[in-house]
Amino acid sequence: MEKIAVVDFGGQYTHLIARRIRQLGVYSEVLPSHAKPEEFKAFMGVIFSGGPSSVYAEGSPTCDAGIFELGLPVLGICYGHQLMNHLLGGVVKRGLVHEFGPAALHPQNHPLFKDVSPDSIVWMSHGDEVSTFASGFRTIGSTDDCVNAAVADDARKFYGLQFHPEVTHSAEGDRILRNFLSLCGCAFDWNMDYYVQTLQAQIRKQCEGKKVFLLVSGGVDSTVAFELLNRALGPDRVLGLHIDNGLMRKGESAAVLDFMHAQGFDNLKIKDATDTFLANLRGVLEPEAKRKIIGETFLTVKDAAIAELNLNPAEWMLAQGTIYPDTIESGGTAHAAVIKTHHNRVQGILDLMAQGMVVEPLAELYKDEVRELGRRLEIPDPLLDRHPFPGPGLGVRLLCSDGKGDPAAEKDSAAIKEILAARGLSGEILPIKSVGVQGDARTYAHPGLVRGTRDWKLADETATLVLNRVRAVNRIMLETHAVEGAYAPVARECERNALDLLREADALCTAALQKADLYSAVWQMPVVLLPLLKGGKPVFVLRPVSSSEAMTARFAELPFAVLDTLWKDLQALPNGGAGALLYDVTHKPPGTIEWE
Ligand code: XMP
């Protein structure tokens, strides 16, 4: 079988590259950066992934330069492009401008850019760049801020791209990857159907002589995993447990159970563990700490359920619907930075994994591939098309704080005000912190607020400008609606009243989207409760995004008429309605989809 090697330098998108290549009809595998040149001999070409390091940083990942002697075409992406250049004798330096998000590529006439349009939008996420390229290379494409955005050594078939062709927001990225595969001489004849068979065979092998216990949240991943396990092992060897952790959306647990029963799943139990989760979360403010507690509590509740059901733990493996981004973002591959700990990557799970007691049939897949698999397994569309919802649920979307506030430095406040004023806008930096992802690593910075426009294009351009220039800011929100008064920090923790408030607001927002017939037009729409009050009332963030695999995302533009109606609806919330509706206009990167 002809195949392509993707070398993992710890980039957030490494597996995405491999997956894109498979989508294009060529089998591909991810290899660690320490793989020896001999290991590449069975491949038609090599792709170097991105990564969170700088090539000059101590301990930054590298590879055996013997790979360049194999006569195979090599494509370096972002860090991979810088590393290839560095190893072959070129120079990489800190770029003058840090570029995150969209940029227009001006490609030259080159086979790598066959059928690629003149101002093709590509996705950048980097600080360093190649300043002097290694001998044999020449520039074949530039952006306004990066002269050597694409380079080639045609004699050796070595190519380097500073941008990420593998993310869907690089508009013609697939075409560029396909062109590389053509340069490798690939025939494009690999078929995805084959994957379903392979997965079932793998499950049977891994679970030989054992039964499996799966936590079923009711989301797409766990439902598809449940169906797949039932098919591979038979219902007698599979037991599902739905745990209501008190962090679910309104009416969710009941709906999940009804739906599963309607689908004919009888091997599913439900347990209300709200009190246990909330007791464990009492007084915990830090998002990573909350995530870990939620993950560990899932395990203790699961163990209690296994004991109650009198099941022998040695006989039962734990199955999880973990998908690929859950692993990569928890720092689960070599060199990858910890973006956040997903609920299914806490220590207790890692211990079980070390004992070979965890089965994760979807671990190689992205959400859209899981949906595709679900369709092949005949799971109905309404279930598959539900928006993703994180395992720790509203526990992450309810931002906690001691109420002391976290104001930005004077110079940063002045910098954002200056940028906004130059565009006829006003705004400020909010006195709280939010999480983001920049240059493959996690960031904690302040959200910035913009007011004074209803023009999405202006909001988008302004956000990109501020985010690239003001390091202290990692998100931008448009204040679409607000009552009078200043933003004031407030103490908040994960307790029932705050969760109920967020649950109600979330239900109103989802209803607004459904009423406008826009539910399936957006990928996901987290609703966030900030630890701020305006005019003494709660402040909500709406975060609608479009994406196809959640590794990158664009903020989605909803009609203002929908938001105006929603603002009125939010005034019906208990205790006096809402103080502000803030609309997140940040792409990913530099923001994440979730807030926490
Ligand atoms: P971010 O916020 O990193 O999210 O852009 C990417 C996707 O992952 C989902 N997400 C999670 N899913 N457990 C999950 O099952 C988690 O702990 C978790 N955290 C984030 C998020 O909703 C988005 O779809």
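Just above sits the structure.
Every value quoted in this text rests on a predicted model; they were computed, and no experiment measured them. (Residues numbered from 1 in each chain as written. Predicted model: local features only at pLDDT ≥ 70, side-chain atom pairs only at ≥ 80, totals over all residues. Heavy atoms only, no water.)

Caption draft 1: Structural detail: the overall build of the protein chain. Counting its regular elements, the protein chain contains 17 helices and 26 strands. Compactness check: the protein chain gives a C-alpha radius of gyration of 24 Å against a globular reference of 25 Å for 596 residues, within 12% of the reference. Within the protein chain, the fraction of its 596 residues that count as buried is 61%. In the protein chain, the share of contacts with a sequence separation of at least 24, taken over all contacts with a separation of at least 6, comes to 76%. Entry remark: accessible area of the protein chain is about 22200 Å², with carbon and sulfur atoms responsible for 51%. If you average the places of the 59 positive and of the 74 negative side-chain charges in the protein chain, the two averages end up 1 Å apart. (Helix = DSSP H or I, 4+ residues; strand = E, 2+ residues; numbered from the N terminus. Rg over C-alpha atoms; globule rule 2.2 N^0.38 Å. Buried < 20%, exposed > 50% of the residue type's maximum accessible area, 1.4 Å probe, protein only. Contact = heavy atoms within 4.5 Å. Areas by Shrake-Rupley, 256 points an atom, 1.4 Å probe, with all protein chains shown as cover. Lys, Arg positive; Asp, Glu negative; His and termini not counted. Charge placed at Lys NZ, Arg CZ, Asp CG, Glu CD.)

Caption draft 2: Local environment of the sheet that holds strand E13 (residues 316–319). Read from one edge to the other, the open sheet built from five strands follows the order E12-E11-E10-E13-E14, with strand pairing classed as parallel. In the strand order of this sheet, the two ends are held by strand E12 (268–272) and strand E14 (358–359), each with one partner. In the sheet, strand E10 (residues 211–215) pairs with E13 via four bridges, with the strands oriented parallel. Residue pairing in the sheet places Leu 214 in a bridge with Ala 319 of E13. The strands touched by helix H6 (residues 252–262) are strand E11 (238–244) and E12; relative to E12, the strand with the most contacts, the crossing angle is about 170°. (Pairing = 2+ DSSP bridges. Axes fitted to C-alpha atoms, helices over the stretch in contact; angles between N-to-C directions.)

Caption draft 3: Focus on helix H17 (residues 560–570). Three or more residues of H17 are buried, namely Phe 560, Val 562, Leu 563, Leu 566, Trp 567 and Leu 570. All buried residues of H17 project into a common sector of 145° when viewed along the axis, lining one side. Projecting away from the buried face of H17 at angles above 90 degrees are the exposed residues Ala 561 and Lys 568. On its buried face, H17 is in contact with helix H15 (456–469), strand E19 (473–482), helix H16 (496–515), strand E23 (537–542) and strand E26 (580–584). (Arc of directions from axis to C-beta.)

Caption draft 4: How the structure looks around unusual backbone geometry. Looking along the chain, the bond that leaves Lys 588 and enters Pro 589 is cis, with omega of -15°. Considering the arrangement of structural elements, one finds Pro 589 in the segment after E26. In this structure, Asp 115 is a non-glycine residue whose phi angle is positive, near 65°. For Asp 115, the location among the structural elements is in the loop between strand E5 (91–107) and strand E6 (120–132). Taking relative accessible area as the criterion, Asp 115 reaches 55% and is therefore assigned exposed. Despite not being glycine, Phe 188 has its phi angle at roughly 60°, a positive value. Mapped onto the elements of the fold, Phe 188 is located in the loop between helix H3 (173–184) and helix H4 (193–206). Overall, the relative accessible area of 24% leaves Phe 188 in the partly exposed class.

Caption draft 5: Representation of the packing of helix H14 (residues 410–421) against H15 within the structure. Their axes nearest at 11 Å, the elements H14 and H15 cross at an angle of 150°. Taken as axis vectors, H14 and H15 run roughly antiparallel relative to one another. For the pair H14 and H15, the crossing hand works out as right-handed. Between H14 and H15, the contacting residues are Ile 416, Ile 419 and Leu 420 on the first element and Thr 462, Leu 465, Val 466 and Arg 469 on the second. Of the residues assigned to the contact of H14 with H15, the class counts are five nonpolar, one polar and one charged. (Parallel < 35°, antiparallel > 145°, perpendicular 65-115°, else oblique. Left-handed = near helix turned anticlockwise from the far one by under 90°. Nonpolar A, V, L, I, M, F, W, Y, C, P; charged D, E, K, R; others polar.)

Caption draft 6: How the structure looks around the pairing of E11. Summarising burial for E11: seven of the seven residues are buried, a large majority. With burial as the criterion, each face of E11 is covered, one bearing Val 238, Gly 240, His 242 and Asp 244 and the other bearing Leu 239, Leu 241 and Ile 243. Judged from the four bridges that link them, E10 and E11 form a sheet pairing that is parallel. For Leu 215, the partnering residue across the bridge sits in E11 and is Leu 241. Assessed by its sense of winding, the connection that carries the chain from E10 through helix H5 (residues 220–233) to E11 is right-handed. As paired elements, E11 and E12 share five bridges and run parallel to each other. Counted as the bridge partner of Ile 243 is Lys 271 from E12. (Right-handed = clockwise from strand over helix to strand, strands pointing away.)

Caption draft 7: Inspection of the side chain of Asn 474 at higher detail. Its place among the elements puts Asn 474 in strand E19. Among the residues examined, Asn 474 registers a relative accessible area of 0% and is labelled buried.

Interpretation in functional terms is not warranted from these geometric data alone.
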